[in-house]
Amino acid sequence: MSTRMVASGRRVSHGTRNASSPGFTLAAAVLGFFVVTLDATVVNVALPSVRADFGGGISGLQWVAAGYTLMFAALLLSAGALADRIGARRAFGAGVAGFVLASAASGLAPGLGVLVAARLVQGAAAAVMMPSSMALIGQAFPDPVRRARAVAMWAIGGAVASSAGPVAGGLLTLASWRLIFFINVPAGAAALTLLARTPPSPCRPAPFDWAGQVTAVLAMGGLTYGAIEAGAAGLGAPRVLAAFAVAVAGLAVFLAVQARDAHPMMPLDLFRSRTVVIANVTGFAFIVGYYGLPFVMSLYLQQLRGLSALGAGVAFVPMMLIGAALTPFSARLTEKLGARLLIIAGLVLMAAGLVAIATVAPAAPVWGLALLMILTGLGGPLVMPPMTAVLLNSVPGHRAGTASGIFNTSRQVGGALAVAVFGALLASRAGFLTGLRVSLLIAAGIALAAATVSTRLTPPPDPEEEVTR
């Protein structure tokens, strides 16, 4: 077919498109994914500098780091429906614009409260950008082979951002921590310029689960707030108990809504599949270690070992580079060794690295800690790509987007909770070093538990049968 219908009712001829428009679309999507991923990692090494300017305890720094991930996780499932309703191009543009404005507000923040609020808005905008960027790629590259290559480029953008985050944060913080947010402004402007050269996206009716979204925010927000405040106020503090009560009530209502709603944001019948359950457990466990380690070690290296922000960022380079270097070969490794073996090996290596760092941190030289963190970095290429492939092969094609959204949400929840719980442990009366050790050992235990669960992975049968088990 030489034409297609768009939401406005106009017909756009493929022949009249700019021949390079798929390239513009891909560049915009990659740039958007890059800044979304960068902002999840770049902030860690800047936290001591933020504290030096604004004061406060660790709980404030936790909100700067976890607020972004919290809103990302809470809104991610609904963001896909929004992209369908208003069109991927419009949704992506709105997300980028919101992200740029929130980044500027973060960089200009006069105090910690404004910075945390801006980070929450950043996370919400990132949630809109993520699914719409993937939808844009799908529309721009209808050929399966070219689409696969485009998705690979998109994924590499995220891997580069993860690798560059600590060093970029360290370098920029040498001048001012505010620059880690200001760099998003020209990047966002470039993404919007590229987006203007892409064709309009079609719209289609997509139900929006308002009740599910509100209760999801209450559940995640209550849990994160309670975990963060428990470090400063104690588990028995009224506000902490109230937050946990809100989280429990929100979760109960959320599950009830999802079970009864005709168009739930998280269809519970997907969890009848053992593979879906294992994938979400694995995704959660992986991110607890992968995000939790940089958070606690950035504070440790600067506050206790006396490193600069740049020095702390450089210490993470081996960990991040090993992931970026091996990611392109993960598919080939999966074909040779099998997904289950690769996933289990990655989680076990991650746990070994976390235990080793927890054991030797006070006495080990910084270069030794950097080498030990490579074990955690290996979890990236060994766990996530094969687990994603196994998940998508275990659900029907028409539910792949929903399953992927749930999977990514479980990962973001893991990141938010890791920062919340580990920060509370660092601030506890037991002391920073004890909190560091306990945090890393908890992350190791969760990784080992996920490795044990992953032994039950089996090659999936027909997807239509798998989800009805």
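Read on for an overview of the structure. (Residues numbered from 1 in each chain as written. Predicted model: local features only at pLDDT ≥ 70, side-chain atom pairs only at ≥ 80, totals over all residues. Heavy atoms only, no water.)

1. So, the overall build of the protein chain
What counts is decided by this rule: Helix and strand assignments come from DSSP, with helices taken as H or I runs of at least 4 residues and strands as E runs of at least 2, each series counted from the N terminus. Within these notes, the globule rule equals 2.2 Å times the number of residues to the 0.38 power, and the radius of gyration is based on C-alpha atoms. Think of it in three bands: with a 1.4 Å probe and only protein chains considered, a residue is buried below 20% of the maximum accessible area for its type, exposed above 50%, and partly exposed in between. What makes two residues a contact is simply this: any of their non-hydrogen atoms within 4.5 Å. Note on areas: Shrake-Rupley with a 1.4 Å probe; residue coverage comes only from the protein chains shown.
A tally of regular secondary structure across the protein chain gives 20 helices and two strands. Expected size for 469 residues packed as a compact globule is a radius of gyration near 23 Å; at 22 Å, the protein chain falls within 12% of this value. Its C-alpha atoms give the protein chain principal-axis dimensions of about 65 × 50 × 45 Å. Here the protein chain holds 469 residues, and the buried ones make up 51% of them. The long-range share in the protein chain, meaning contacts at least 24 apart out of those at least 6 apart in sequence, stands at 81%. Here the protein chain displays about 18600 Å² of accessible surface, and carbon together with sulfur accounts for 69% of that area.

2. What to know about a nonpolar patch on the surface
Basically, it comes down to this: Patch definition: residues above 30% relative accessible area lacking any salt bridge, with like charges linked at up to 9 Å and the nonpolar side chains Val, Leu, Ile, Met, Phe, Trp and Tyr linked at up to 5 Å. The rule for a salt bridge is simple: a side-chain nitrogen of Lys or Arg has to be within 4 Å of a carboxyl oxygen of Asp or Glu.
Together, Met153, Ile156 and Val160 line one region of the surface with nonpolar side chains, adding up to about 250 Å² of accessible area. Considering the arrangement of structural elements, one finds methionine 153 in helix α6 (residues 144-175).

3. Overview of the environment of arginine 239
What counts is decided by this rule: Definition of a polar contact: a pair of N or O atoms within 3.5 Å, with one able to donate and the other able to accept a hydrogen when the atoms are protein atoms, and with sequence-neighbouring residues admitted only if both atoms are side-chain atoms.
Mapped onto the fold, arginine 239 is located in helix α10 (residues 238-260). The exposure class assigned to arginine 239 is partly exposed, which follows from its relative accessible area of 41%. Along the primary structure arginine 239 and tyrosine 225 are separated by 14 residues, whereas in three dimensions their C-alpha atoms are 9.1 Å apart. A polar atom in the side chain of arginine 239 sits 3.2 Å from the side chain of glutamate 229.

4. Considering the environment of leucine 321
The topology assignment puts leucine 321 in helix α13 (residues 317-326). Between the alpha carbons of leucine 321 and leucine 378 there is a distance of 9.5 Å; along the sequence they are 57 residues apart.

5. Here we look at helix α11 (residues 274-303)
Rules: Expected helix span is computed as 1.5 Å times (number of residues minus one). Fitting one axis to the seven residues ending at a residue and another to the seven starting there, the bend at that residue is the angle between the two axes.
For α11, spanning 30 residues, the distance from its first C-alpha to its last is 43 Å, which sits close to the expected 44 Å at 1.5 Å a residue. In α11, a bend of some 25° at glycine 292 exceeds every other bend along the element, and proline 294, a proline, comes one to four places later. Counting buried positions along α11 gives 25 out of 30 residues, so the element sits mostly inside the fold.

6. Focus on the environment of leucine 70
Structurally, leucine 70 can be placed in helix α3 (residues 58-86). Taking relative accessible area as the criterion, leucine 70 reaches 7% and is therefore assigned buried. For leucine 70, the residues in contact, after removing those within four places along its chain, are Trp63, Met220, Gly221, Thr224 and Ala416.

7. So, the packing of helix α16 (residues 366-377) against helix α17 (residues 379-392)
The test is simple: Axis definition: a line fitted to C-alpha atoms, over the contacting stretch in the case of helices. Angles run 0 to 180 degrees between N-to-C directions. Any angle between 65 and 115 degrees counts as roughly perpendicular, while under 35 counts as roughly parallel, over 145 as roughly antiparallel, and the rest as oblique. Think of it as three bins: nonpolar holds Ala, Val, Leu, Ile, Met, Phe, Trp, Tyr, Cys and Pro, charged holds Asp, Glu, Lys and Arg, and polar takes everything else, Gly as well.
Look at α16 against α17: their axes get within 6 Å of each other, and the N-to-C directions meet at 10°. The orientation of α16 relative to α17 falls into the category roughly parallel. Between α16 and α17, the contacting residues are Leu375, Thr376 and Gly377 on the first element and Gly379, Gly380 and Pro381 on the second. Across the contact of α16 with α17, the residue classes tally to two nonpolar, four polar and no charged.

8. What about the packing of aromatic side chains?
The criterion, for reference: Aromatic rings from Phe, Tyr and Trp, with only the six-membered ring used for Trp, were paired whenever their centres fell within 6.5 Å, and each pair was classed as stacked if the ring planes differed by under 30 degrees, edge-to-face if by over 60, and tilted otherwise.
What the rule picks out here adds up to five aromatic pairs. On the basis of an interplanar angle of 40° and a centroid distance of 6.1 Å, the ring pair of tryptophan 63 and tyrosine 225 is categorised as tilted. Residue tryptophan 63 is located in helix α3, and its partner tyrosine 225 is located in helix α9 (residues 210-233); the two are separated by 162 residues in the primary sequence. Note on tryptophan 63: relative accessible area 15%, which makes it buried. Aromatic side chains phenylalanine 286 and tyrosine 290 sit 4.9 Å apart centroid to centroid with 20° between the ring planes, which places their arrangement in the stacked category.

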